[in-house]
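Residue-level structural notes
This is what each chain is made of:
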Amino acid sequence: MSYTASAAAPPPLGTCLTLCMFLAASYLLWRAYSKPRPKPALRSVAILVLGDIGRSPRMMYHAESFATNKFKTYLIGYGGSKPIPSLLSLSLVEILPLGEPPLWLRGLPFIIAGPLKVLSQVVDILQTLLVRIPRPPEYILVQNPPSIPTLAIVWLVSHLRGCKVIIDWHNLGYTILALKLGEQHTFVRIAKWFESYFGRSAYAHLFVTKAMRDHLVKEWNLRGHKVVLHDRPPARFHRASPSESHELFQHLLPHLSTPPLTAFLPASKPPYSTPFTYIPPSRLSTVPRPASGGADDLELAFELSDLTPFADKVPLPELRSDRPALLVSSTSWTPDEDFAMLLDALKQYERRARELEDGDESARLPKVLMVVTGKGPLRQKYMREIEPLQAPGGDATWKYVRCASLWLEADDYPLLLGSADLGISLHSSSSALDLPMKVVDMFGCGLPVCALGFKCLDELVKDGVNGLVFHNADQLATQLGNLLRGFPTAPALTALQESFQGASPLGTTGTDGWEWGTWAENWNHIMRPLLLHDVAAEAAL
């Protein structure tokens, strides 16, 4: 009984720590109020990410665009993954890392650790925005979600230092919480009120979709400039050349050499070949040359002396004709992305491929390597489910399908997308108002997608033009079979790939309603008039 009673009440240590953090936050606020308020520095911005900076691509792209337009840019967030190299090379960008919550919090009950973690974040963010940035930035750009506590903090700092707040609405935070607790839960209602109250007024609101803009303007009566800034990839996202793919797959070869993959993928002999690429014999060779990319051709390539680095004319890498189709899906391995649907579709594809293996060659389905990138809580669960399906020598082993989970560095990710044949998006959107960034990245690399359909997806994926939309595993399995039939010369897949060459430039409307451009083009088109007009007006005073 005494144990139960003591566990129900917060221990004295937790109470003391809470009081200390409260006093620290109060001191920072007193210090900010007691000082004369300097005028914000023109062409300066603080970008707040309550998460891993390296895993927040849109906010890194914002920082790069601000700095390119000569804004002193403070990027605030947690460390972990390495930011994109182009951002690190900009002298106007200063990264201000937030401290991780103390390790000792992990040993406390959640009822104590939760509030202490939030208080720790509040103190750290306030110190950064009020003290570590010596002169008030003109703008504070905050990512939402998360909403708690960042929206309240930037609201407070904007009143203390005279900064203009820009809220970048990626999604609605309370809808993500509702996935776990249910829409009617008290915490969800509190989160919705918090988000609507502190997010209602800002200098500007940015939205990733027109649907989100229309919804929030109607439901929450937002005040301030309201503009849609669709996600677009940076210029470094492009279709990979065979040489780039060859280098990438050599780099990834250790990850592709596990027992389930070794017996499945075509044999390779690095550095002259990978499971997807090879260096052919010289065009000047008088030795008869078999069909491009076949096993005999590869063996011939390894034996010819003109493949040495000192040869006069070393041929460039090419794609292998016996390679499997490379499918890519990027996921956070969370409940809002139904990986079970993809797994079911792959099982159906396997069955269909076996049914057609003895039929006409043009109707057969190719082998498929499904690469899933990303980290998340459900990864181990699903990968354990896949293991018996691709264990070498097992009775239930797949013959035509393999699935591999990889975590890629920032430099390798666009190269993998640019080397793939088809992308898969399982993003379902908790609010049905945002768009999957992964599809934006895929389109930047000229990679068509099969995407799970939801309310506003047509703002990005044009069904039958740059991809296909599915709503269940059966539809996805059918789409995979139709697109990959005849691979590597699959007519249906080729038609989708060629659509990227006909996309309309930014600001124009093509016959299919699809316009496309880079992040920089889109940002300059939307953001420069919003920011620089105001800067110029104040500078003239």
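Everything numeric here is computed off the predicted structure, so don't read it as measured data.

Conventions adopted
Residues numbered from 1 in each chain as written. Predicted model: local features only at pLDDT ≥ 70, side-chain atom pairs only at ≥ 80, totals over all residues. Heavy atoms only, no water. Buried < 20%, exposed > 50% of the residue type's maximum accessible area, 1.4 Å probe, protein only. Helix = DSSP H or I, 4+ residues; strand = E, 2+ residues; numbered from the N terminus. Arc of directions from axis to C-beta. Contact = heavy atoms within 4.5 Å. Pairing = 2+ DSSP bridges. Axes fitted to C-alpha atoms, helices over the stretch in contact; angles between N-to-C directions. Patch = residues over 30% accessible without salt bridge, like charges linked within 9 Å, V, L, I, M, F, W, Y side chains within 5 Å. Areas by Shrake-Rupley, 256 points an atom, 1.4 Å probe, with all protein chains shown as cover. Salt bridge = Lys/Arg side-chain N within 4 Å of Asp/Glu carboxyl O. Parallel < 35°, antiparallel > 145°, perpendicular 65-115°, else oblique. Left-handed = near helix turned anticlockwise from the far one by under 90°. Nonpolar A, V, L, I, M, F, W, Y, C, P; charged D, E, K, R; others polar. Phe/Tyr/Trp six-rings, centres within 6.5 Å; stacked < 30°, edge-to-face > 60°. Lys NZ or Arg CZ within 6 Å of the ring centre and 35° of its normal. pLDDT = per-residue confidence, 0-100.

**A look at helix 9 (residues 210–220)**
- All of the buried residues in helix 9 are Ala211, Met212, Leu216 and Trp220. Around the axis of helix 9, the buried residues are gathered within 115 degrees of arc, so they sit on the same side.
- Looking at the buried residues of helix 9, the elements they touch are strand 5 (164–169), helix 7 (173–181), helix 8 (186–199) and strand 6 (201–207).
- Taken from the residues just after helix 9, asparagine 221 is the one with a positive phi, measuring 55 degrees.

**Quick word on the sheet that holds strand 5**
- Taking strand neighbours across the sheet as the criterion, the seven strands line up as 3-2-1-4-5-6-7 in an open arrangement whose pairing is parallel. Each edge of the sheet is formed by a strand with only one pairing partner; in this case those strands are strand 3 (93–97) and strand 7 (223–228). Each strand of the sheet is rotated relative to its neighbour by a mean of 20 degrees, with strand direction disregarded.
- On top of the sheet, helix 5 (residues 110–132) reaches strand 1 (41–52), strand 2 (72–78) and strand 3; it is set at about 165 degrees to strand 1, its chief contact.

**Considerations on a nonpolar patch on the surface**
- Together, Leu181, Phe187 and Ile190 give the surface a local cluster of nonpolar side chains, amounting to about 300 Å² of exposed area.
- Note that phenylalanine 187 resides in helix 8.
- Classification of phenylalanine 187 as exposed rests on a relative accessible area of 54%.

**Focus on the pattern of salt bridges**
- Taken as a whole, this structure holds 10 salt bridges when the rule is applied.
- Beyond isolated ion pairs, a larger network of salt bridges with shared partners links Arg58, Asp168 and Asp231.

**Topic: helix 14 (residues 379–386)**
- What helix 14 keeps buried is the set Tyr382, Met383 and Ile386. Summarising the axial view, the buried residues of helix 14 lie within an arc of 100 degrees, below the 170-degree limit, and thus occupy one face. For helix 14, exposure combined with an orientation more than 90 degrees from the buried face picks out Gln380 and Arg384.
- Where helix 14 is buried, its residues contact helix 13 (339–356) and strand 12 (401–406).

**Topic: the packing of helix 6 (residues 150–161) against helix 8**
- Closest axis-to-axis distance for the helix 6/helix 8 pair is 9 Å, and the angle between their directions is 25 degrees. The angle between the axes of helix 6 and helix 8 places the two elements in the roughly parallel class. Once helix 6 is placed against helix 8, the crossing between them reads as left-handed. Counted together, Leu151, Ala152 and Trp155 of helix 6 and Phe194, Glu195, Phe198 and Gly199 of helix 8 form the full contact between these two elements.
- The residue makeup of the contact of helix 6 with helix 8, split by class, is five nonpolar, one polar and one charged.

**Quick look at the packing of helix 17 (residues 473–484) against helix 18 (residues 491–498)**
- Two elements in contact, helix 17 and helix 18, have axes separated by 5 Å at closest approach and are oriented at 90 degrees. In terms of orientation, helix 17 and helix 18 fall into the roughly perpendicular class. Across the interface between the two elements, Asn482, Leu483 and Leu484 of helix 17 pack against Ala492, Leu493 and Leu496 of helix 18.
- Here the contact of helix 17 with helix 18 is built from residues that sort into five nonpolar, one polar and no charged.

**Re the packing of aromatic side chains**
- Applying the stated criterion across every chain, the model contains 17 aromatic pairs.
- Measuring from centroid to centroid gives 5.7 Å for tyrosine 61 and tryptophan 519, while their planes differ by 55 degrees, and the two rings are tilted. Of this pair, tyrosine 61 sits in helix 3 (residues 57–68) while tryptophan 519 sits in helix 19 (residues 519–539), placing them 458 residues apart in sequence. In this pair, the class of tyrosine 61 matches that of tryptophan 519, namely buried.
- A connected cluster of aromatic rings, assembled from ring pairs, spans Phe66, Phe71, Tyr139, Tyr203 and Trp523.
- Over the ring of phenylalanine 264 we find lysine 367; its NZ or CZ atom is 4.9 Å from the centre of that ring.
- A cation sits over an aromatic face here: lysine 381 above tyrosine 382, 4.2 Å from the ring centre.

**So, the confidence of the model for the chain**
- Of the residues in the chain, 83% have a pLDDT of 70 or more, and the chain-wide mean is 85.
- Here residues 283–291 is modelled with pLDDT under 50, and outside its nearest four sequence neighbours on either side it reaches 19 contacts, counting other chains as well.

**What to know about the environment of lysine 381**
- Relative to the helices and strands, lysine 381 resides in helix 14.
- Taking the C-alpha atoms as reference, lysine 381 lies 9.7 Å from tryptophan 333; in sequence the two are 48 residues apart.

**What to know about the sheet that holds strand 14 (residues 449–452)**
- Judged by pairing direction, the sheet is parallel, and its six strands sit side by side in the order 12-11-10-13-14-15 without closing on themselves. With partners counted over all chains shown, the strands left at the sheet margins are strand 12 and strand 15 (467–470), one partner each. Each strand of the sheet is rotated relative to its neighbour by a mean of 20 degrees, with strand direction disregarded.
- Sheet analysis places strand 10 (residues 325–330) next to strand 11 (residues 368–373), joined by six bridges and oriented parallel.

**Some words on unusual backbone geometry**
- The peptide bond linking proline 145 to proline 146 adopts the cis configuration, its omega dihedral lying at 5 degrees.
- Within the fold, proline 146 resides in the loop between strand 4 (137–144) and helix 6.
- Here the amide bond leading from phenylalanine 487 into proline 488 is cis, since omega sits at 15 degrees, within 30 degrees of zero.
- Position of proline 488 among the secondary structure elements: in the loop between helix 17 and helix 18.
- Even without a glycine there, the phi angle at arginine 43 is positive, about 55 degrees.
- With a relative accessible area of 31%, arginine 43 lands in the partly exposed category.
- At lysine 70, a position not held by glycine, the phi torsion is positive, near 65 degrees.
- You can see lysine 70 is positioned in the loop between helix 3 and strand 2.

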